[in-house]
Amino acid sequence: MSRPITPFTLPAADQAALEKFTRTGRRPVRAVRRAQALLALATGIGQQAAGAAVGLGRQAVSKVRRRYEEAGWQAALAEAPRSGGPLQVDGSQRAALTALACTPAPVGHSRWTLRLLADKAVELALVEAISHETVRQVLKKTNCTPTASSTGVWGR
């Protein structure tokens with residue numbers, strides 16, 4: 001047996017604002033779909049039907065409805081912060097690391113390795129600590145370095 005549909009009503013001002021939001025201006029598609037889901041819920045259909053009508057899942061519609069009821073339509077349409085750690089290396093550190101990679105290799109080495117670069121960056125106090133994998137990811141976006149092989153030595 002399915003649960004009864006709990007009524008969802010939108011005040012006229014919110015409904016007009018949501019309709020205007022969906023029809024005017026350039027908006028992120030996710031926000032428009034959330035607004036359309038709220039408008040569909042206001043017609044009296046269930047969450048699953050509203051989600052199917054606008055291309056969202058039932059749980060997404062439920063979350064949008066709950067956020068609308070708690071904080072209003074602007075909060076319901078807004079993106080929540082996403083998970084993920086902060087950047088380990090900022091722009092100036094990236095530039096310094098790239099410049100270091102473009103210099104001649106240290107004495108006794110024919111070329112820079114990722115591990116050598118990581119150690120040298122810490123030694124020169126460019127960063128507090130950095131792994132060779134982070135060095136690879138930073139240098140992957142530059143044209144100074146050939147591709148890294150599985151041994152950690154560039155270009156063969």
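Residue positions are given per chain, counting from 1 as you read along its sequence in written order. The model is predicted, so local features are restricted to residues of pLDDT at least 70 and side-chain atom pairs to those at 80 or more, both for listing and for counting; the totals for chains, interfaces and linings are taken over all residues. Hydrogens are left out, water is left out, and the side-chain values use all remaining heavy atoms of the structure.

### A few points about the nonpolar core
- Within the largest apolar cluster, 20 residues are counted, with the highest numbers of intra-cluster contacts made by L18, F21, L38, Y68 and L77.
- Looking at this core, the elements with two or more residues in it are α1 (12–23), α2 (29–42), α3 (47–54), α4 (58–71) and α5 (73–77).
- Contacts between residues were defined by any pair of non-hydrogen atoms, one from each residue, lying within 4.5 Å. Not counting chain neighbours up to four residues away, the residues in contact with L18 comprise L10, A35, L38, L39, W73 and L77.
- Within the second largest apolar cluster, 14 residues are counted, among which are V89, A101, W112 and L139. We define a nonpolar core as any set of buried Ala, Val, Leu, Ile, Met, Phe, Trp, Tyr and Cys residues linked to one another through side-chain atoms lying within 4.5 Å. Exposure categories follow from relative accessible area, calculated using a 1.4 Å probe and restricted to protein chains: below 20% of the type maximum is buried, above 50% is exposed, and the middle band is partly exposed. In DSSP terms, a helix is any run of H or I states spanning at least four residues, a strand is any run of E spanning at least two, and both are numbered starting from the N terminus.

### Digging into the side chain of R34
- Summarising the element assignment, R34 is placed in helix α2.
- Its relative accessible area of 14% is what places R34 among the buried residues.
- Excluding residues within four positions of it along the chain, R34 makes contact with L56, V64, A76, L77, A78 and E79.

### Thoughts on the layout of surface pockets
- A 1.4 Å probe that fits but cannot get out identifies a cavity on a 1 Å grid over protein atoms alone, an open set with protein on both sides within 12 Å along at least five of seven lines counts as a pocket, and a residue lines either if it has an atom within 4 Å of a point. Grid points are joined across faces, edges and corners, and a volume is the space filled by probe spheres set on the points. If you add up the space inside the second largest pocket, you get close to 220 Å³.
- Together, R34, L56, A60, K63, V64, R67, A78, E79, A80, P81 and R82 line the second largest pocket.
- Class assignment of the residues belonging to the lining of the second largest pocket gives a composition of six nonpolar, no polar and five charged. Each residue receives one of three labels: charged for Asp, Glu, Lys and Arg, nonpolar for Ala, Val, Leu, Ile, Met, Phe, Trp, Tyr, Cys and Pro, and polar for the others, Gly being one of them.

### Details of the pattern of salt bridges
- Here, a salt bridge means any side-chain nitrogen of Lys or Arg that lies within 4 Å of a carboxyl oxygen of Asp or Glu. Evaluation of the coordinates by the stated rule reveals five salt bridges.
- Here R30 makes a salt bridge to E79, at a shortest N to O gap of 3.5 Å. Residue R30 is located in helix α2, and its partner E79 is located in the loop between α5 and α6 (91–101); the two are separated by 49 residues in the primary sequence.
- When its relative accessible area of 45% is taken as the criterion, R30 is described as partly exposed.
- We note a salt bridge from R34 to E79, for which the minimum N-O separation is 3.3 Å. Here E79 lies in the loop between α5 and α6 and R34 lies in helix α2, a separation of 45 residues in the sequence.
- Salt bridges sharing common partners tie together R30, R34 and E79.

### Examining unusual backbone geometry
- Phi angles above zero are rare outside glycine, and A125 is one such case at about 60°.
- Along the polypeptide, A125 turns up in the loop between α7 (114–123) and α8 (132–139).
- The class for A125 is exposed, based on a relative accessible area of 61%.

### Comments concerning the environment of T24
- Looking at the element boundaries, T24 is found in the loop between α1 and α2.
- Taking relative accessible area as the criterion, T24 reaches 33% and is therefore assigned partly exposed.
- Polar contacts, as used here, are pairs of N or O atoms within 3.5 Å; protein pairs need one atom able to donate a hydrogen and one able to accept it. Residues neighboring in sequence count only if both atoms are side-chain atoms. Looking at T24, its side chain comes within polar contact range of the main-chain oxygen of K20, at 2.7 Å.

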